[in-house]
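Letter by letter, the chains look like this.
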Amino acid sequence: MWRKIWGFAQENKMFTQGDRVVLGVSGGADSVCLLLAMAENDKEICLRVVHVHHGLRGKEADRDGEFVRELCRELGVPFEIVYRDVAGYAREKGLSVEEAGRILRYEALEGAAKRWEEDGGRQVLIGVAHHQDDNVETILHHLLRGSGLRGLAGMQPVQGNRVRPLLGVRRQEIVEYLEKRGMEWCEDSSNGEKEYTRNRIRGELIPYMTRYVNERASENILHAGRLFGQADVYLRRQAEKVWEEAGKKRESGVFIGRRVFLEQDPVIRSYLIRHMFELAAPGQKNITARHFEQIERLAQGEVGGRCDLPGRMRARRTYEELVIEACKEKTEEDRQEFEEREEGRVFLSEVLKGPVRVGNMEFQVFSWKKGTEITKKEYTKWFDYDKIKDTLSVRYRQPGDYLTLPGGGHKTLKRFLIDEKAPREARDQILVLAEKNHVLWVVGYRISEYYKIAENTHTILQVDFYGGKAYGR
């Protein structure tokens, strides 16, 4: 096992003599294996361990932290524990807990690496414990989300300052290795929770494919990932050659000759567009196939045409060039991007099983006890659950939306916002919670009289909105 891990690292030129590496160690089997293999290196590599406590799973998470601390003490490896409120960050940013945890883990690892670099002035690597089975999940996940070749290539052994020494071994090999050494590890109970997409891919989709489609499904997926990666590298280089001949970067944006752009094969055009985005808006990740199609049509359209893009970017066509540039004003694409992120349906059957998060709203149900004081918080509202008969939606206003007033009358949402003197430019950015066109709550303003708590109420639907006045008024 040791030879396999270090042979893979050598093959991918991960380490040189005297390197410094921050290891992310959760206490699970994979990261324990990584720590043991790295601690027994023969290149005088210096190690430090960072364990991120997510503020989830209570005593189980505390146990994991203490386990890693003790293991590091036995191995003589410096240890640091970092506490993060993953649930709070997920609410604040409108993310899943899974994605929020990933972001905060890497932030903690990058922070530890940066502090170490400041001490010694040399780049510090970050070691993470992804293995072959994780890569199979990643490739499938990207495939199902509609990723391009770069996403379908899966995780790479070396990615910037991140290294993955276990990417050449399977999960079962890791478990057998630890068992033979008599090593313990911690099991994360959340790994079996089916609401996490990766857990469903790992626990349901891959076993089904292996059993009913091809017993070598995982091996074939990894092989395909390697081919996708090779194709991606080749096509990227071809696009960069075209860019060197016909493209230029100015302070105002990036430009490429329209005629040269249209002479390329469609796949090279798509890689040129991505290259232009990387130059004009480094780190922008919300570019989709729809935006590529818009830019393709723009290049073939009339002079003066333009289209809005995510991140306050814009593409336009001049007589001779295709341009991607930043916009100072807020674009329609920004609003659509926000709307797609926030808008969503709320299934009451799911809420009955436990709290459900949709966009910046969290929903939960509990029994109503008469005499209980009704919440007066501006961004926490109670509704009579039994009056709701259909799926709810978190969205922006639509034609036909209305509220019920005291006495039973109706008022259109448009009229209500005018009467409330909501700024015209802000009306399309105010979120509502609605049952079809019947609005339960205009966030930051009021709730519909029809859904209010009454004497005969038995069950409460509590809705918490995270975002405050930035989303209200």
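Counting restarts for each chain, with residues numbered from 1 along the sequence as it is written. With pLDDT at 70 or above as the cut-off, local features in this predicted model cover only qualifying residues; side-chain atom pairs require 80 or more to be listed or tallied, and sums for whole chains, interfaces and linings still use all residues. Water and hydrogen atoms play no part in the side-chain values, which are based on all heavy atoms of the structure.

Participant: Before we move on, could you go through the sheet that holds strand E5 (residues 158-159) and cite the residues and values that matter?
Facilitator: The six strands are arranged E3-E2-E1-E4-E6-E5 in an open sheet whose pairing can be described as mixed. In this open sheet, the two strands that pair with only one neighbour each are strand E3 (79-83) and E5. Pairing between strands is defined by DSSP: at least two bridges between the two strands are required. In DSSP terms, a helix is any run of H or I states spanning at least four residues, a strand is any run of E spanning at least two, and both are numbered starting from the N terminus. Relative to strand E2 (residues 46-53), strand E1 (residues 20-24) is paired through five bridges, and the arrangement is parallel. Its bridge partner being in E2, Val 21 is matched across the sheet by Leu 47. Helix H3 (residues 58-75) rests against E2 and E3 of the sheet, and its axis sits at about 170° to E2. The criterion used for residue contact is that any of the two residues' heavy atoms lie within 4.5 Å. Whenever a helix is involved, its axis is fitted only over the stretch in contact; in every case the axis is a line through C-alpha atoms, and angles between N-to-C directions fall within 0 to 180 degrees.

Participant: Which residues make up the pairing of strand E10 (residues 313-317), and what are the values?
Facilitator: Relative accessibility under 20% of the residue-type maximum defines a buried residue, over 50% an exposed one, and the middle range a partly exposed one, all with a 1.4 Å probe and only protein chains included. Of all the five residues making up E10, four are buried; the element is thus mostly covered by neighbouring parts of the structure. Relative to E10, strand E9 (residues 306-309) runs antiparallel, the two being bridged by four bridges. The residue of E10 that forms the bridge with Leu 309 is Met 313. Both E10 and strand E11 (residues 321-326) contribute to a ladder of five bridges, which runs antiparallel. Following the sheet pairing, Arg 316 is matched in E11 by Val 323. Between E10 and E11, which pair antiparallel in sequence order, lie three residues.

Participant: Before we move on, can you summarise the pattern of salt bridges with the specific residues and values?
Facilitator: When a carboxyl oxygen of Asp or Glu is within 4 Å of a side-chain nitrogen of Lys or Arg, the pair counts as a salt bridge. Within this structure, the stated rule accounts for 26 salt bridges. Asp 390 is the salt-bridge partner of Lys 436, the closest N and O atoms lying 3.3 Å from each other. In this pair, Lys 436 is assigned in the loop between strand E19 (432-435) and strand E20 (438-442) and Asp 390 in the loop between strand E15 (380-384) and strand E16 (392-395), connecting sequence segments 46 residues apart. Classification of Lys 436 by relative accessible area gives exposed; the value is 60%.

Participant: I'd like a rundown of a nonpolar patch on the surface, residues and numbers included.
Facilitator: For patches, a residue must show more than 30% relative accessible area and have no salt bridge; joins then use 9 Å for like charges and 5 Å for nonpolar side chains, namely Val, Leu, Ile, Met, Phe, Trp and Tyr. Computed by Shrake-Rupley with a 1.4 Å probe, the accessible areas treat only the displayed protein chains as cover when residues are assessed. Side chains of Tyr 208, Tyr 212 and Val 213 sit close together on the surface and give an oily, nonpolar patch of about 380 Å² of accessible area. In this structure, Val 213 sits in the loop between helix H9 (197-212) and helix H10 (217-246).

Participant: Describe in detail the nonpolar core, supporting the description with residues and values.
Facilitator: The term nonpolar core refers to a set of buried residues drawn from Ala, Val, Leu, Ile, Met, Phe, Trp, Tyr and Cys, joined through side-chain atoms within 4.5 Å. By size, the foremost hydrophobic cluster in this structure holds 36 residues, and its most contacted members are Phe 15, Leu 23 and Met 38. Those elements that place two or more of their residues in this core are helix H1 (2-11), E1, helix H2 (29-39), E2, H3 and helix H8 (171-181). Here the element with the most residues in this core is H2; it accounts for eight residues. Other than its neighbours up to four places away in sequence, Leu 23 contacts Leu 34, Leu 35, Met 38, Leu 47, Arg 48, Val 49, Val 50, Leu 109 and Gly 127.

Participant: Which residues make up the confidence of the model for the protein chain, and what are the values?
Facilitator: Interpreting fine coordinate detail is not advised for predicted regions of low pLDDT. pLDDT runs from 0 to 100 and stands for how confident the predictor is about each residue. Counting all residues, the mean pLDDT for the protein chain is 85, and 91% of those residues have values of 70 or more. A low-confidence stretch, residues 337-343 (pLDDT under 50), is modelled with 14 contacts involving residues beyond four sequence positions or located in other chains.

Participant: Give a description of the sheet that holds strand E8 (residues 253-257) that names residues and reports values.
Facilitator: Here five strands make up an open sheet; going across it, the order is E7-E8-E11-E10-E9 and the pairing antiparallel. Only two strands of the sheet have a single partner each, and these edge strands are strand E7 (247-250) and E9. Neighbour-to-neighbour, the strand axes of the sheet open up by a mean angle of 15°, direction not taken into account. Note: E8 against E11, five bridges, orientation antiparallel. Bridge pairing in E11 links Phe 255 to Val 323. Across the sheet, helix H12 (residues 266-280) lies against E7, E8, E9, E10 and E11, angled at about 155° from E8, the strand it touches most. Helix H13 (residues 289-300) rests against E9, E10 and E11 of the sheet, and its axis sits at about 165° to E9.

Participant: So, helix H6 (residues 132-145): which residues are in play, and what are the values?
Facilitator: Spanning 14 residues, H6 covers 20 Å between terminal C-alpha atoms, matching the ideal 20 Å at 1.5 Å per step. Turning to H6, the residues buried within the fold contact H2, helix H7 (149-152), H9 and H10. What a helix should span is 1.5 Å times the count of its residues minus one.

Participant: With reference to specific residues and values, describe H2.
Facilitator: Most of H2 is tucked away: ten of the eleven residues are buried. Residues of H2 that are buried: Ala 29, Asp 30, Ser 31, Val 32, Cys 33, Leu 34, Leu 35, Leu 36, Ala 37 and Met 38.

Participant: Lay out the packing of H2 against H8 in plain terms, naming residues and giving numbers.
Facilitator: Packing of H2 against H8 brings their axes to within 10 Å, and their N-to-C directions diverge by 65°. The element H2 and its partner H8 pack so that their crossing is left-handed. Contacts from Ala 29, Asp 30, Val 32, Cys 33 and Leu 36 in H2 reach Arg 171, Ile 174, Tyr 177, Leu 178 and Arg 181 in H8. Of the residues contributing to the contact of H2 with H8, the split by class is seven nonpolar, no polar and three charged. In this scheme the handedness of a crossing depends on how the near helix is turned from the far one: anticlockwise by less than a right angle means left-handed, clockwise means right-handed. Under this grouping Gly is polar, as are all residues other than the nonpolar Ala, Val, Leu, Ile, Met, Phe, Trp, Tyr, Cys and Pro and the charged Asp, Glu, Lys and Arg.

Participant: Residue-level account of the packing of aromatic side chains, with values.
Facilitator: Two rings belonging to Phe, Tyr or Trp (six-membered ring only in the last case) form a pair when the distance between their centres is within 6.5 Å. Interplanar angles under 30 degrees mark stacking, angles over 60 mark edge-to-face geometry, and anything in between is tilted. Per the counting criterion, the structure on display carries eight aromatic pairs. Ring centres of Tyr 208 and Tyr 212 lie 4.8 Å apart, and the angle between their planes is 45°; on these two criteria the pair is classed as tilted. Here Tyr 208 pairs with Tyr 212, and both are found in helix H9, just four residues apart, close to one helical turn. For Tyr 212, a relative accessible area of 52% gives the class exposed. In this structure an aromatic cluster arises from ring pairing among Trp 2, Trp 6 and Phe 15. A ring is considered to have a charge above it if a Lys NZ or an Arg CZ atom is located within 6 Å of its centre and within 35 degrees of its normal. Stacked on the ring of Tyr 106, the Lys or Arg Arg 162 has its end atom at 3.7 Å from the ring centre. Between Lys 387 and the ring centre of Tyr 450, over which it is positioned, the NZ or CZ distance is 5.4 Å.

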